[in-house]
Amino acid sequence: MPQVAQHDERTPGFDTVLIANRGEIALRILKACKDLGLKTVMVCSEADRQASYGALADNFICIGPASAGKSYLNKDAILLVARMTGAGAVHPGYGFLSENAAFSAAVEDAGMVFIGPTAQSIATMGDKIAAKTAMIAAGVPCVPGPDSELPDDKAAVEAIAADIGYPVIVKAAGGGGGRGMRVVTDSSVLHESISTTREEARQAFGTPALYMEKFLQHPRHVEIQVLCDVHGNAVWLGHRDCSMQRRHQKVVEEAPAPGIPVDIIEPVATACVTACQQIGYRGVGTFEFLYEDGGFYFIEMNTRLQVEHPVTEMTSGVDIVQAQIKAAQGIPLDITQVDVVTEGHAFECRINAEDPETFLASAGTITGLRLPSGPSIRVDTHVHAGYKVPPYYDSLIGKLIVHAPTRAEAIIAMRRALAETEIDGISTNLPLLRALFEDEGFAAGGTDIHYLEKWLKRRSVS
Ligand code: ADP
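None of the values given here were measured: they were computed from a predicted structure.

A. Fine view of the site of the ligand. As a matter of local geometry, the ligand sits amid 19 residues, with K128, K171, G178, K214 and L216 nearest to it. Within the contact set of the ligand, an oxygen atom lies 2.8 Å away from a side-chain nitrogen or oxygen of K128. For the ligand, a nitrogen atom lies 2.9 Å from a polar atom in the backbone of L216. Looking at the shell around the ligand residue by residue, the classes come out as eight nonpolar, four polar and seven charged.

B. View of the pattern of salt bridges. Taken as a whole, this structure holds 24 salt bridges when the rule is applied. Here R22 makes a salt bridge to D48, at a shortest N to O gap of 2.6 Å. Linking R22 in the loop between β1 (16-19) and α1 (23-35) with D48 in the loop between β2 (39-45) and β3 (59-64), this pair joins segments that are 26 residues apart in sequence. The two residues R22 and D48 agree in class, both being buried. R282 is the salt-bridge partner of E108, the closest N and O atoms lying 3.0 Å from each other. With E108 in helix α3 (residues 101-109) and R282 in the loop between α8 (262-279) and β12 (283-292), this pair connects stretches of sequence that are 174 residues apart. Here E108 falls in the partly exposed class, since its relative accessible area comes to 28%. Where salt bridges share partners, they join E223, R240, K250, E253, E288, E308 and R350 into one cluster.

C. Highlighting the packing of aromatic side chains. Within this structure, the stated rule accounts for 12 aromatic pairs. With 6.0 Å between their ring centres and 75° between their planes, F289 and F298 make a pair best called edge-to-face. Here the two residues F289 and F298 agree in accessibility, since each one is buried. Grouping aromatic residues by their ring pairs yields a cluster made of F287, F289, Y291, F296 and F298. The ring of F359 carries the charged tip of R246 above its face, separated from the ring centre by 3.5 Å.

Rules and cut-offs
- As a convention, each chain's residues are numbered from 1 in the sequence order in which they are written.
- Given that the model is predicted, a residue must reach a pLDDT of at least 70 before its local features are reported, and side-chain atom pairs must reach 80 or more before they are shown or counted; all residues, however, enter totals for whole chains, interfaces and linings.
- The basis for every side-chain value is the complete set of heavy atoms in the structure, and neither hydrogens nor water enter the calculation.
- Working definition: residue near molecule or strand if any one of its non-hydrogen atoms lies within 4 Å of it.
- Polar contact is defined as a pair of N or O atoms within 3.5 Å, subject to the rule that within protein one atom must be able to donate a hydrogen and the other to accept it, and that residues adjacent in sequence are counted only when both atoms are side-chain atoms.
- When residues are sorted by character, Ala, Val, Leu, Ile, Met, Phe, Trp, Tyr, Cys and Pro go into the nonpolar class, Asp, Glu, Lys and Arg into the charged class, and all the rest, Gly among them, into the polar class.
- Whenever a carboxyl oxygen of Asp or Glu lies within 4 Å of a side-chain nitrogen of Lys or Arg, that contact is scored as a salt bridge.
- Helix and strand assignments come from DSSP, with helices taken as H or I runs of at least 4 residues and strands as E runs of at least 2, each series counted from the N terminus.
- A 1.4 Å probe rolled over the protein chains alone gives each residue an accessible area, and that area as a share of the maximum for its type sets the label: buried under 20%, exposed over 50%, partly exposed in between.
- Ring pairs are drawn from Phe, Tyr and Trp, using the six-membered ring of Trp, whenever the two centres fall within 6.5 Å, and their geometry is named by plane angle: stacked under 30 degrees, edge-to-face over 60, tilted for the rest.
- Two limits define a charge over a ring: the Lys NZ or Arg CZ must be within 6 Å of the ring centre, and within 35 degrees of the ring normal.

Purely geometric stuff here, so don't read any function into it on its own.
So this is what it looks like as structure tokens:
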């Protein structure tokens, strides 16, 4: 029986969704919309005009040149197309305008639904000091260090650093993308590090506000996925480990994070749910933590759908994109925490169009493509033989996801999936992923966020 949306005045119903993104995530959102019986409008840049996935949308409209600033980040053009096509909602995907509070507000001011949190939630979580304050209020454990801006007074700053204990990390309140932070190992370089980071923050993020916290030396990256409706209901859908990173970019993700006792993670996740209820959060979101020596330390909240959402979908059985859209329609959550049962183990490999040795982006035409198939395998991609990878955007061309009863079986399934996959005509990171899934340290599980870079270094000298 089709579900009937229950609307309140904040969440008018909609039957057409504008997808303000490109590539695999645009296609993923399109599929969720279709499965929910919704019509779709997809916008694109001139560089993506030939993309065959556009034909799957009810409307595929070019809004500007290849440069993202003039197309995928062009708020006015997107809103104009939304109005012209009668779209009632806008899905921003990830990246681009997905964490832009002004865009969320503009969409809602235009009488449409932003499929994501309110501008207020995005702004609070986008300010790392405000986010930390909100988390402390909800009982979410944070990295040791004050949830306030660093003062100008040098003696006061020295006292804060001494109190936390070196090494400390100085971070920009408005920072993002792994930029605007600096590790300080001892007091002799403290003031110099602060002034350099402050200048960077002023230039890159428009605010010089900084804060300081303990620098954790061997943490893992563990995150908790939440799902909230607009009626105050919220659940968490399990956890993921995304410690396999290169330059703060995730390469492989898995769910659940291996080896974390449930009695350690459960209270943390429950506090995340409380935080969502306290700030009136709606839709999907991710609480990112550093995990070290059995302790969880909040670093930031991503107020959007994430690249790695499929591993949680596979283990929880919840279609996160559909759930996000239903929440935006005002439909109350149809599950409570006791209904969330996670099963088995899932991995995701990000397939990037890049040189596996130099990591330089590799644009061009895919001349041949063989994708893996069989039980336990899922592929999220928009590419096909003949597809031309444009040089202008993120190098992610697809995601390989496996799900198996145990982590060991999931590793075997991923090895097979990677072996079956062939992409000709461009360079990809497939050789690197294949080698990583043969690595004993990785297979053992629970490696820290520095593991991949050290492993790459060892490989380059051998
Ligand atoms: P961004 O918003 O720029 O991604 P985050 O606060 O999420 O910034 O931090 C990005 C990365 O920087 C983390 O994944 C971790 O590798 C490192 N990092 C941040 N804070 C700390 C800390 N207190 N101790 C150790 N590493 C940290």
